[in-house]
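# Per-entry structural report
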Amino acid sequence: MAKFQPKVADEGRDDGMREKMIQVNRVTKVVKGGRIMAFAALTVVGDGDGRIGMGKGKSREVPVSVQKAMESARRGMVKIPLRNGTVPHNATGEHGAAKVLLAPAPAGTGIIAGGPMRAVFEVMGITDIVAKSLGSSNPYNMVRATFDALSRMTTPSAVAAKRGKTLEEIFN
């Protein structure tokens, strides 16, 4: 019986997606006969225009775990509203003990964010943002907290529709 070989779908894939690997972690499972080593990968995938996805993958080999994480990220992509390469307004997000603060920045500021948050913003297409991480620096929780903050973003037209008004009524 032939051993299962994963499909190598990402080889030569040119769909315009930006991919970033955030972390590869070696994990072990202790069994009666000893330890079984495996690798867990955390990745983010974005289209550079506001769509972003996070994925996790686990396998006995690093490349396979990264490939699984990339596929998982592609399947779970969400659209976030952006305005001129930055976020529309301030937002906070939490996951576990990790908390992140996001603030829009003027053009030319760049990405002022650390670690996993920087990777999320780069693949998403944000060029100017100020972000602060508070609490836990666990990459998994920081990425999830960043997604939480980004999911709270709204556009002025969405706020107007929710209130049953026009954009002119809100801004005047």
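Provided above is the structure to which this section pertains.
Residues numbered from 1 in each chain as written. Predicted model: local features only at pLDDT ≥ 70, side-chain atom pairs only at ≥ 80, totals over all residues. Heavy atoms only, no water.

The next thing to look at is helix H2 (residues 115–124). It helps to recall that an α-helix has 3.6 residues per turn; residues three or four apart then point in one direction. Most of H2 sits inside the fold, with seven of its 10 residues counted as buried. Where H2 is concerned, the buried positions are Pro 116, Met 117, Ala 119, Val 120, Phe 121, Val 123 and Met 124. Phi turns positive, to about 100°, at Gly 125, one or two residues after H2. (Buried < 20%, exposed > 50% of the residue type's maximum accessible area, 1.4 Å probe, protein only. Helix = DSSP H or I, 4+ residues; strand = E, 2+ residues; numbered from the N terminus.)

Of all hydrophobic cores here, the largest spans 30 residues; its most connected members are Val 44, Ile 52, Leu 102, Val 120, Phe 121 and Leu 150. For this core, the elements supplying multiple residues, two or more each, are strand S2 (34–46), strand S3 (51–59), strand S6 (98–104), H2, strand S8 (129–135) and helix H3 (139–151). Broken down by element, the residue count for this core peaks at seven residues, all from H3. What Val 120 contacts, discounting residues up to four positions off in sequence, is Val 44, Ile 52, Val 143, Thr 146, Phe 147 and Leu 150. (Core = buried A, V, L, I, M, F, W, Y, C linked by side-chain atoms within 4.5 Å. Contact = heavy atoms within 4.5 Å.)

This paragraph deals with the sheet that holds strand S7 (residues 111–112). With mixed pairing, four strands are arranged side by side in an open sheet as S5-S6-S8-S7. Two strands lie at the open edges of the sheet, namely strand S5 (91–95) and S7, each paired on one side alone. In terms of strand pairing, S6 meets S8 through seven bridges, oriented antiparallel. For Pro 104, the partnering residue across the bridge sits in S8 and is Ile 129. Across the sheet, H2 touches S6, S7 and S8, and the angle it forms with S8 is around 150°. Contacting S5, S6 and S8, H3 runs over the sheet at an angle of about 140° to S5. (Pairing = 2+ DSSP bridges. Axes fitted to C-alpha atoms, helices over the stretch in contact; angles between N-to-C directions.)

Sheet topology note: the S5/S6 ladder contains five bridges and is antiparallel. From the neighbouring strand, Ala 91 faces S6, where its bridge partner is Leu 102. What sits between S5 and S6 in their antiparallel hairpin is a turn of two residues, with Gly 96 showing a positive phi close to 65°.

Tallying each qualifying case throughout the model produces four salt bridges. Here Glu 122 and Lys 20 are joined by a salt bridge, their closest N and O atoms 3.0 Å apart. Residue Glu 122 is located in helix H2, and its partner Lys 20 is located in strand S1 (residues 18–31); the two are separated by 102 residues in the primary sequence. Using a relative accessible area of 32% as the deciding quantity, one classes Lys 20 as partly exposed. Linked through salt bridges whose partners overlap, the residues forming this network are Lys 20, Arg 118 and Glu 122. (Salt bridge = Lys/Arg side-chain N within 4 Å of Asp/Glu carboxyl O.)

In this section: helix H1 (residues 62–75). Relative to the 20 Å expected for 14 residues at 1.5 Å per residue, H1 spans 20 Å between its end C-alpha atoms, a close match to the ideal helical length. For H1, the set of buried residues is Val 64, Ser 65, Val 66, Gln 67, Ala 69, Met 70, Ala 73 and Arg 74. Where the residues of H1 are buried, they touch S1, S2 and S3. (Expected span 1.5 Å × (residues − 1).)

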